[in-house]
Structure formats: structure tokens, C-alpha cells
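# Understanding the architecture of this molecule
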Amino acid sequence: NAGVTQTPKFRILKIGQSMTLQCTQDMNHNYMYWYRQDPGMGLKLIYYSVGAGITDKGEVPNGYNVSRSTTEDFPLRLELAAPSQTSVYFCASSSLGLDYEQFFGPGTRLTVL
Amino acid sequence: GQNIDQPTEMTATEGAIVQINCTYQTSGFNGLFWYQQHAGEAPTFLSYNVLDGLEEKGRFSSFLSRSKGYSYLLLKELQMKDSASYLCAVIDTDKLIFGTGTRLQVFP
């Protein structure tokens, strides 16, 4: 099992550009999450999904969109990138709900200039 | 409201014992996690507590007191590889809230 994989590992965007961060898990987990982690800060939840076709906003959803067409994939879309979106983005999955261990991908380090 | 407090940094010596504290305020407590995160890497699961008491797992133990809104992570026989950030995360009703983490440096 590869676990949770994310691409790309690093990306530099110009202000106003768009991009999609990819996340795939091969553990057949229902729950998937997107977090951002700013330097010296905790993880902040952007969006989450409890299963294919179902997504919901987290704590900091503005400027992002997600979709969940399959159990395995949970891409995060940034429209009109802004410097405030410079961060490390982690995708995670868990078999069931919040009270289950989350497995994290290796992260995508995004810089918006 | 939601508030999680952890010390920002701690240092310890190889072979020693260190205790990392976490205090929290929640509307509806439903469990507490500890995750380890090495610099530049993803968090990895260490422990989960939902009932009061101590959970031991090898060199690591985690304690929870729900009435005091308090948890600690105890690391014994410290090794250099334990240098990392330790994240406390609390389930508040239907949300998982992460603290800012405690950066632990282990010196020889």
C-alpha cells in the first residue's frame, strides 16, 4: 500500500494563477481531509469529505474548492492564487470518523509570489 | 470556544524523560490525539485518549483528565530521533482542532 500520496511536492505560483493539488489514497478510506499548515501554526482544516460525492467546508475554505468523484481521489483546487495561500498543504484520510487515526500524505509546499 | 495550549518549545537530554502538556477548552469534548511531526514531514499518529487515565505504548504514554481539560504526552528513554514537533489535537463536538505543536529538541 502506498497510503496517501500527494502531487506535486513543491510548486511556485504567480498571483492570480490556478492549480489543482492532487491527493490519492489506496486504503479504501471513506473520510478524506485537506489541511494547511503555516509556519509555527497548527493544522487548519480547509475541506473534508465523508465519502464519494460528499464534501463539506472546514475552518478555512475561502479561495479553495474540492470534489470527490471516487473514494480514492480528493483534489483541492486553488482559484486565483493569493500570497496568503502560501503554505504547506496536507491531505489525510481515515477509515471512519474523527475519532479514528488520520493518515497523512507527504504534503505540498506551495509558494504564491 | 475552542482553545488548545501547548508549550512552544522544549529541550531534553538523550536518555531522559520529558512530559509535554496540553490544555484545552471545548464546547463538547469527544477525544484527544497526539501526533508526531518531524521537520518537513507529515504528522504521524501517536495516541488517542477519550477516557480519563493513562495509555501506554512502548516508550510513549498519554494521559487525559477530562474534568481538568488536560492531557500530557510522556516520552521515556529519549532518543535523538525523538526530536520533532508534537501536536495535540482535540475533537470538539464534530471538529478536530489542532494545537500549534511543541517543538522538542533532544541533545546528546
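You'll find the structure just up there.
Computed from a predicted model, the values in this text were never measured in an experiment. (Residues numbered from 1 in each chain as written. Chains lettered and ligands numbered in written order. Predicted model: local features only at pLDDT ≥ 70, side-chain atom pairs only at ≥ 80, totals over all residues. Heavy atoms only, no water.)

In this section: the interface of chain B and chain A. Tallying the contact residues gives 17 residues for chain B and 16 residues for chain A. Regarding the contact of chain B and chain A, the summed buried area is about 1300 Å², with carbon and sulfur atoms giving 64% of it. Where chain B touches chain A, the interface holds zero salt bridges. Where chain B meets chain A, there are two residue pairs in polar contact (both at pLDDT 80 or more). The set of elements that each furnish at least two residues to the side of chain B that touches chain A consists of β4 (29-37), β5 (44-49), β9 (84-92) and β10 (95-98) of chain B. Class assignment of the residues belonging to the side of chain B that touches chain A gives a composition of ten nonpolar, four polar and three charged. (Contact = heavy atoms within 4.5 Å. Buried area = accessible area lost by both parts, 1.4 Å probe. Salt bridge = Lys/Arg side-chain N within 4 Å of Asp/Glu carboxyl O. Polar contact = N/O pair within 3.5 Å; in protein donor to acceptor, adjacent residues only side chain to side chain. Helix = DSSP H or I, 4+ residues; strand = E, 2+ residues; numbered from the N terminus. Nonpolar A, V, L, I, M, F, W, Y, C, P; charged D, E, K, R; others polar.)

Now for the environment of B:Phe107. All names here are of chain B. As for its placement among the helices and strands, Phe107 is situated in strand β11 (residues 102-107). Judged by relative accessible area, Phe107 falls into the partly exposed class, the value being 41%. Beyond its immediate sequence surroundings of up to four residues, Phe107 is in contact with Thr11, Ala12, Thr13, Glu14 and Met80. (Buried < 20%, exposed > 50% of the residue type's maximum accessible area, 1.4 Å probe, protein only.)

What follows concerns the layout of surface pockets. Its boundaries defined by the atoms lining it, the largest pocket holds a volume of some 730 Å³. Of all the secondary structure elements, the ones that give two or more residues to the lining of the largest pocket are β9 (87-94) and β11 (108-112) of chain A together with β9 and β11 of chain B. Top contributing element to the lining of the largest pocket by residue count: β11(A), with four residues. The residue makeup of the lining of the largest pocket, split by class, is ten nonpolar, 16 polar and six charged. (1 Å grid on protein atoms, 1.4 Å probe; cavity = no way out; pocket = protein on both sides within 12 Å on 5 of 7 lines; lining within 4 Å. Points joined across faces, edges and corners; volume = space filled by probe spheres on them.)

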